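Below are the chains, spelled out letter by letter.
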Amino acid sequence: KQEVTQIPAALSVPEGENLVLNCSFTDSAIYNLQWFRQDPGKGLTSLLLIQSSQREQTSGRLNASLDKSSGRSTLYIAASQPGDSATYLCAVKGTSGTYKYIFGTGTRLKVLA
Amino acid sequence: NAGVTQTPKFRILKIGQSMTLQCAQDMNHNYMYWYRQDPGMGLKLIYYSVGAGITDKGEVPNGYNVSRSTTEDFPLRLELAAPSQTSVYFCASSPRDTGNTIYFGEGSWLTVV
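Note that the coordinates shown come from a computational prediction; the quantities given were computed from them, not determined experimentally.

Q: Before we go on, may I ask you to explain the overall build of chain A in this structure?
A: Secondary structure summary: chain A contains zero helices and eleven strands in total. Starting at the N terminus and walking to the C terminus, you meet the elements of chain A as β-β-β-β-β-β-β-β-β-β-β. Its C-alpha atoms give chain A a radius of gyration of 14 Å, within 12% of the compact-globule value 13 Å for 113 residues. For the C-alpha atoms alone, the extent of chain A along its principal axes is close to 45 × 30 × 20 Å. A buried classification covers 44% of the 113 residues belonging to chain A. Taking the contacts inside chain A whose residues are at least 6 apart along the sequence as the reference set, 54% of them involve residues at least 24 apart. Carbon and sulfur atoms provide 47% of the accessible area of chain A, an area that totals close to 5,300 Å². The positive charge centre, built from 11 side chains, and the negative charge centre, built from 8, are 7 Å apart in chain A.

Q: It is not clear to me how the side chain of B:Ser87 should be interpreted in this structure. Could you clarify?
A: Residue and element names in this part refer to chain B. Mapping Ser87 onto the fold places it in strand β9 (residues 87-94). Judged by its relative accessible area of 6%, Ser87 is buried. Setting aside chain neighbours within four positions, we find Ser87 in contact with Arg36, Gln37, Asp38, Ser108, Trp109 and Leu110.

Q: How should I be thinking about the pattern of salt bridges in this particular structure?
A: Side-chain pairs of opposite charge can arise where the charged atoms are in close proximity. A full pass over the atoms with the stated rule returns five salt bridges over all chains. The salt bridge involving A:Lys42 is made with B:Glu106; its shortest N-O contact spans 3.8 Å. Note that A:Lys42 is positioned in the loop between β4 (30-38) and β5 (44-51) and B:Glu106 in the loop between β10 (103-104) and β11 (108-112), a pairing that runs across two chains. Note on B:Glu106: relative accessible area 42%, which makes it partly exposed. Linking A:Arg61 and A:Asp84 is a salt bridge whose minimum nitrogen-to-oxygen distance equals 2.8 Å. Linking A:Arg61 in the loop between β6 (56-59) and β7 (62-67) with A:Asp84 in the loop between β8 (72-77) and β9 (86-94), this pair joins segments that are 23 residues apart in sequence. The exposure class assigned to A:Arg61 is partly exposed, which follows from its relative accessible area of 30%.

Q: Would you explain the nonpolar core in this entry?
A: Burial of nonpolar side chains together is a common tendency in soluble globular proteins. The biggest cluster of nonpolar side chains holds 23 residues, and the ones touching the most others in it are A:Leu33, A:Trp35 and A:Leu75. Every element with two or more residues in this core is listed here: β3 (19-25), β4, β5, β7, β8, β9 and β11 (107-112) of chain A. Counting residues in each nonpolar core, the second largest holds 19 residues, with B:Leu21, B:Cys23, B:Met32 and B:Leu78 among its members.

Q: Please explain the sheet that holds β6(A) as it appears in this structure.
A: Think of a sheet as strands paired side by side through backbone hydrogen bonds, with each pair either parallel or antiparallel. Residues and elements named next belong to chain A. Across the sheet, which stays open at both edges, the five strands sit in the order β1-β3-β8-β7-β6 with antiparallel pairing between neighbours. For this open sheet the edge positions go to β1 (4-7) and β6, each flanked by a neighbour on one side alone. Geometrically, the sheet is characterised by an average inter-axis angle of 15° between neighbouring strands, direction not taken into account. For β6 and β7, the ladder comprises four bridges, and the chain directions are antiparallel. Looking at the pairing, Ser59 lines up with Leu62 of β7.

Q: Would you explain the interface of chain B and chain A in this entry?
A: Contact with chain B, which involves 23 residues of that partner, is made by 22 residues of chain A. The junction of chain B with chain A conceals about 1,800 Å² of combined surface from both sides, 57% of it contributed by carbon and sulfur atoms. In this structure, the connection of chain B to chain A is made through four residue pairs in polar contact (both at pLDDT 80 or more). When residues of the side of chain B that touches chain A are traced back to their parent elements, those giving at least two are β4 (31-37) and β5 (43-51) of chain B. Looking at the side of chain B that touches chain A, the element that brings in the most residues is β4(B), giving four residues. When the residues that make up the side of chain B that touches chain A are grouped by side-chain class, the tally is eleven nonpolar, eight polar and four charged.

Each value, and the rule that gives it
Residues numbered from 1 in each chain as written. Chains lettered and ligands numbered in written order. Predicted model: local features only at pLDDT ≥ 70, side-chain atom pairs only at ≥ 80, totals over all residues. Heavy atoms only, no water. Helix = DSSP H or I, 4+ residues; strand = E, 2+ residues; numbered from the N terminus. Rg over C-alpha atoms; globule rule 2.2 N^0.38 Å. Buried < 20%, exposed > 50% of the residue type's maximum accessible area, 1.4 Å probe, protein only. Contact = heavy atoms within 4.5 Å. Areas by Shrake-Rupley, 256 points an atom, 1.4 Å probe, with all protein chains shown as cover. Lys, Arg positive; Asp, Glu negative; His and termini not counted. Charge placed at Lys NZ, Arg CZ, Asp CG, Glu CD. Salt bridge = Lys/Arg side-chain N within 4 Å of Asp/Glu carboxyl O. Core = buried A, V, L, I, M, F, W, Y, C linked by side-chain atoms within 4.5 Å. Pairing = 2+ DSSP bridges. Axes fitted to C-alpha atoms, helices over the stretch in contact; angles between N-to-C directions. Buried area = accessible area lost by both parts, 1.4 Å probe. Polar contact = N/O pair within 3.5 Å; in protein donor to acceptor, adjacent residues only side chain to side chain. Nonpolar A, V, L, I, M, F, W, Y, C, P; charged D, E, K, R; others polar.

Next comes the structure, spelled out in structure tokens:
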């Protein structure tokens, strides 16, 4: 059974700092991995999607990496801003004959001005 | 651009009452999902559907029912509401292609008292 874990659960950093969020998963048989952002009281917005054959994806100040063999992904945020404050969730899409996304519990990020 | 639309956004139910959460998507996506998110937790899959007329259980289906009579709509029914069903419910959809992202609605906040 696939399990997805995110560490740390919460993080506070001063504005301008570079930071890394971690996501680990137990079953390496995945189609893809996604990172989402969730603002309070809102739904989830996809930030980056990494296919199982890819090693990383970049969008602006965000860079996500994937190491399937070790069951790990990282989300790197460069030059953090107060507007980056949100909860970040990762999710993996399995290959076991279904198309379900399994989510981690998220990292709650606060960027201090 | 409507995307995934959920109604209602907020609802208070009494124990034992029943209700239906509505979900509609206008992107012609084959796959649709219902998740629940409890405080500090990740998203748990309740039910999902890979096309009209086809539904299947997720991780936490007890106390819920779904139907998928059209591609666009995927209502979630709560029968005999219990306090344990107090949660935020998210509907989502994705295209058939496994490489594509998943789109979320804004969420429905349900309290059972």
